[in-house]
Structures are given as structure tokens and as C-alpha cells.
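Commentary on secondary and tertiary structure
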Amino acid sequence: MQIDELWPNGPKFIQRPPVFKLGTDSVLLAHFTDTSRAARAVDLGCGGGVLAVLLAGREPALTIDCVDILPEAVTLTAENAALNGLADRIRPHLADIRDIKPTLPAGAYDLAVSNPPYFPAGGGKRAKGDALADARDETLCTIDALCRTAAYLLRWGGRFFAVHRPERLGELFVAMHKHGIEPKRLRTAALTAAHAPNLVLAEGRRGGNPGLSIDPTLLLQTPDGSESAELKTIYRR
């Protein structure tokens, strides 16, 4: 078992296989997510509960239901919630997002967040016995299923936040629109200004009107290879 502290005196995370380790993409998504005016949130595909801990730790009024199909992820989310004193506001559920109705109520959430599998089914690294394979590709969680479930859970006007790969952005926006979540804000992340983006951060609103705003690119490094000022702010360094 490994315990990592995100920044001095900040959130701590137990990291244990077969759950994905804490990654920059989840930290960037938490930073991008607007929790203002939100009381109830849901994390779809919660992994070890990183997003839930970061969002609940930032917003004292927020309660978060966390869903994952992997039992070890649900257990780890509960442990990380307790480790950070958030067990009363983070509720893990073992469930399949493709069939969420028996577990969570429709239209009950102000906010839905997800760091989903990035690769199409069969497109990620899938080796025999690899417990992380289902978190890498969409065998159990397609973009369409994710957006359908988010729309089912969100109240009218509720917001959906997700991180994905740039090459899947078209699919993400099509699925959001198909299920009544209008894309409203986009931000790309890139290593430096000389590099193409390697992540996209998207916000949609259930029942929202058309109109997309694009934020400046989030740069992770300066040209000399040191951390950018914004990344230092995000990680409180």
C-alpha cells in the first residue's frame, strides 16, 4: 500500500492495485470543475475517489455519490474518504453505469463528473489478466453510455464535467448533445505552447442553450521544462 500527499498538509490518497493511481488528469479536472451552487454530485467511474476527495474537500456543502464497477475501487474510495475526514459526504456505490437506475435516483444531482476510459473497446493496452484493462478502454463504459447516464442523473440545468483525449472530443460532444447535455465550455491542456494538446476538459449543461466558450490552453510547462505558474497554483507549490 502506498499513501501519497498531493501537496503539503493537503489531500492524502491510498494507492493500491488494481485501481489506477492518482493522475494529473483527475487533478486538472477537479480544478476545471465549477462546484458553485452545487449541493449533490456524482462521480461516474470513481476509481480511488480522487475527484470526490478533491471536490468535497474544496466545497464544504457538497455531498458526492461515487460509482464504480470494480469492488476494489469502491473499497479504496471509502478508505480515501475516511483518510481525509470526508466519509460523511462521500458515498461509494458498486454499480454499473450502464444500468444505474437501481442504484441512484434520476434528476437528483447538480453536478456529474467523470474521468472515463480514453480508448475505444479493444484500443487500449489489454493483456490477459490485466485488472486495469477495463479502466483503459470502453469495454464497460462507452462515451455514449457515460453521457446517457449523466443526463439521467442530472437535474434540468445540472452540469457535466469530463476529461478526455483530444481525438475523442467529437464523439464526446456528439454523445452529450444526443442525450440533452449541451457543450458549454472547453479547455485544452498541453505540455507547452509548442506542443499539441494531450487532454481536453469539457463542461456541458443538461437542457442548456447552444453556445460554446473556449478557455485559454492550460500549459503544464514553460519552454525551459519547468512547471508552469498555473500548474504550480493547482498543486499549491
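These remarks concern the structure in this document. Just so it is clear, the model here is predicted, and its values are computed rather than measured.

Procedures and definitions
- Residues numbered from 1 in each chain as written.
- Predicted model: local features only at pLDDT ≥ 70, side-chain atom pairs only at ≥ 80, totals over all residues.
- Heavy atoms only, no water.
- Axes fitted to C-alpha atoms, helices over the stretch in contact; angles between N-to-C directions.
- Helix = DSSP H or I, 4+ residues; strand = E, 2+ residues; numbered from the N terminus.
- Left-handed = near helix turned anticlockwise from the far one by under 90°.
- Contact = heavy atoms within 4.5 Å.
- Nonpolar A, V, L, I, M, F, W, Y, C, P; charged D, E, K, R; others polar.
- Buried < 20%, exposed > 50% of the residue type's maximum accessible area, 1.4 Å probe, protein only.
- Phe/Tyr/Trp six-rings, centres within 6.5 Å; stacked < 30°, edge-to-face > 60°.
- Lys NZ or Arg CZ within 6 Å of the ring centre and 35° of its normal.
- Salt bridge = Lys/Arg side-chain N within 4 Å of Asp/Glu carboxyl O.
- 1 Å grid on protein atoms, 1.4 Å probe; cavity = no way out; pocket = protein on both sides within 12 Å on 5 of 7 lines; lining within 4 Å.
- Points joined across faces, edges and corners; volume = space filled by probe spheres on them.

1. Quick look at the packing of helix 5 (residues 143–153) against helix 6 (residues 169–178)
Direction vectors running N to C along helix 5 and helix 6 enclose 35 degrees, while the axes themselves pass 9 Å from each other. The handedness of the crossing between helix 5 and helix 6 comes out as right-handed. Contacts between helix 5 and helix 6 pair I143, D144 and C147 from the former with E171, L172, A175, M176 and K178 from the latter. Taken together, the residues that form the contact of helix 5 with helix 6 break down as five nonpolar, no polar and three charged.

2. Considerations on the environment of W7
Note that W7 resides in the loop between strand 1 (2–5) and strand 2 (12–15). Residue class for W7 comes out buried when judged on its relative accessible area of 12%. Remark: the alpha-carbon pair of W7 and R236, spanning 229 residues in sequence, is separated by 6.4 Å. Beyond its immediate stretch of four places on either side in the chain, W7 contacts L54, I234, Y235 and R236.

3. Brief notes about the packing of aromatic side chains
On inspection of all chains with the given rule, the structure shows one aromatic pair. Summarising the aromatic geometry, the rings of F32 and F161 are spaced 5.9 Å apart at their centres and angled 80 degrees between planes, so their arrangement reads as edge-to-face. Taken as a pair, F32 in helix 1 (residues 24–32) and F161 in strand 7 (residues 154–164) lie far apart in primary sequence, 129 residues in all. Accessibility assignment for this pair places F32 and F161 in one class, buried. Between the NZ or CZ atom of R40 and the centre of the ring of Y109, over which it lies, the distance is 4.8 Å.

4. Here we look at the pattern of salt bridges
With the rule as written, the count across this model stands at 15 salt bridges. Note that D144 and R148 form a salt bridge whose closest N and O atoms lie 3.5 Å from each other. Highlighted residues: D144 and R148, both in helix 5, separated by four residues, approximately one helical turn. Overall, the relative accessible area of 23% leaves D144 in the partly exposed class. Of the charged contacts, one joins E230 and R187 as a salt bridge, the two residues approaching to 2.9 Å between their closest N and O atoms.

5. Re the layout of surface pockets
Of the pockets and cavities examined, the second largest pocket occupies roughly 260 Å³. Considering the residues around the second largest pocket, the lining is formed by 14 residues, among which W7, L54, R58, I234 and R236 are closest to the centre. Those elements giving two or more residues to the lining of the second largest pocket turn out to be helix 1, helix 2 (50–58) and helix 7 (229–234). Here the lining of the second largest pocket takes four residues from helix 2, the largest share from any one element. Grouping the constituent residues of the lining of the second largest pocket by class yields seven nonpolar, five polar and two charged.

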